[in-house]
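# A structural walkthrough
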Amino acid sequence: MRIPPYHRNPLWQRFFAGVAIGAVISWVVFFYMFGDLQEKQVQIIQTQQDTIRDLYEEVDIWQSEYEILNKKNESRLLVQDVSVRITNYKKYRLDPLSIFEVEQSIQKDFSSLIGKDLESVSKGKELLKRVIINKDIKLNSRHYRLEVKELLIYTNIEIELTIRQM
């Protein structure tokens, strides 16, 4: 069997030449399009990286300003509420109503602190303790004194007291 002599026929020569030239042209077009698309992708990625970097810098600036404002505001926080709780009233068999009235009277004494800034209130915490300790309470014809067990000063002042008989 022999291979047909296509290399001598001009029709086949043109066909193979066209295939070879078409392959070269298609590769050139492919590389041009691929290179153009890659260039666009690189530009998009670069702009995104620049945007991300700018946003990170902006976030850092906002966070530092936020921290500064928080420190300023923390130094200027105000007292919102005063709560008083007496813990050991069951030891002396006192009724909850009279204990509630005592708690309310102490809250009324400290209601002037509402709206004051925390810094000035915390400076006078020893005075607050002395006001509570020096308060004489008469319940059921007996005299009692209060002792400060815990004093928590923040936006809500929480005072935990114990009661003892005199």
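Described in the following lines is the structure provided in the data block.

Thresholds applied
- Residues numbered from 1 in each chain as written.
- Predicted model: local features only at pLDDT ≥ 70, side-chain atom pairs only at ≥ 80, totals over all residues.
- Heavy atoms only, no water.
- Helix = DSSP H or I, 4+ residues; strand = E, 2+ residues; numbered from the N terminus.
- Buried < 20%, exposed > 50% of the residue type's maximum accessible area, 1.4 Å probe, protein only.
- Polar contact = N/O pair within 3.5 Å; in protein donor to acceptor, adjacent residues only side chain to side chain.
- Contact = heavy atoms within 4.5 Å.
- Pairing = 2+ DSSP bridges.
- Axes fitted to C-alpha atoms, helices over the stretch in contact; angles between N-to-C directions.
- Salt bridge = Lys/Arg side-chain N within 4 Å of Asp/Glu carboxyl O.
- Phe/Tyr/Trp six-rings, centres within 6.5 Å; stacked < 30°, edge-to-face > 60°.

### Section: unusual backbone geometry
Of note in the backbone geometry, arginine 93 takes a positive phi value of approximately 55° without being a glycine. Within the element layout of this structure, arginine 93 appears in the loop between strand 1 (81-86) and helix 2 (96-109). The exposure class assigned to arginine 93 is exposed, which follows from its relative accessible area of 77%. Not every positive phi belongs to a glycine, and asparagine 140 is a case in point at roughly 55°.

### Observations regarding the side chain of asparagine 88
Locating asparagine 88 in the fold gives a position in the loop between strand 1 and helix 2. A polar contact of 2.7 Å, which involves the side chain of asparagine 88, links it to the backbone nitrogen of isoleucine 163. Non-local contacts of asparagine 88, meaning those with residues more than four positions away in its chain, are made with Thr162 and Ile163.

### A short note on the sheet that holds strand 2 (residues 136-139)
As summarised here, the arrangement of the four strands in space is 1-4-3-2, forming an open sheet in which the pairing is mixed. A strand with exactly one partner marks an edge of an open sheet, and here the two such strands are strand 1 and strand 2. Averaged over all pairs of adjacent strands, the angle between their axes in this sheet comes to 35°, without regard to strand direction. Each of strand 1, strand 2, strand 3 (142-152) and strand 4 (156-165) is contacted by helix 2, which is oriented at about 145° to strand 1, the strand it contacts most. Contacts from helix 4 (residues 125-133) reach strand 3 and strand 4 within the one sheet, and its direction differs from that of strand 3 by about 160°.

### What to know about the pattern of salt bridges
Where charged atoms from two side chains of opposite charge come close, those side chains can pair. Under the criterion given, the structure shown has seven salt bridges. Close ionic contact of aspartate 109 with lysine 135 constitutes a salt bridge, the shortest N to O distance being 2.6 Å. In this pair, aspartate 109 is assigned in helix 2 and lysine 135 in the loop between helix 4 and strand 2, connecting sequence segments 26 residues apart. Its relative accessible area of 38% is what places aspartate 109 among the partly exposed residues. Salt-bridge contacts for glutamate 119 lead to lysine 123; the nearest nitrogen and oxygen are separated by 3.8 Å. Of the two residues, glutamate 119 and lysine 123 both sit in helix 3 (residues 118-123), four residues apart, roughly one turn of that helix.

### Thoughts on the packing of aromatic side chains
What the rule picks out here adds up to six aromatic pairs. With a centroid separation of 5.7 Å and an interplanar angle of 55°, the aromatic rings of phenylalanine 30 and phenylalanine 31 are classed as tilted. The exposure class assigned to phenylalanine 30 is partly exposed, which follows from its relative accessible area of 43%. According to the relative accessible area criterion, phenylalanine 31 is exposed, its value standing at 51%. Ring geometry for phenylalanine 30 versus phenylalanine 34: centroids 5.9 Å apart, planes at 20°, classification stacked. In this pair, phenylalanine 30 and phenylalanine 34 are both assigned in helix 1 (residues 10-75), four residues apart and thus about one turn of the helix distant.

### Structural notes on the environment of isoleucine 157
Topologically, isoleucine 157 is positioned in strand 4. On a C-alpha basis, the gap between isoleucine 157 and valine 84 in space is 8.4 Å, while along the polypeptide they are 73 residues apart. Aside from chain neighbours lying at most four places away, what touches isoleucine 157 is Val79, Asp81, Val82, Ser83, Leu113, Val121, Leu151 and Leu152.

### Considering the pairing of strand 4
Bridge count for strand 1 against strand 4 is six bridges, and the pairing is parallel. When the bridges of strand 4 are listed, valine 82 appears paired with isoleucine 157. Here strand 3 hands over to strand 4 after three residues, the two strands then running antiparallel side by side.

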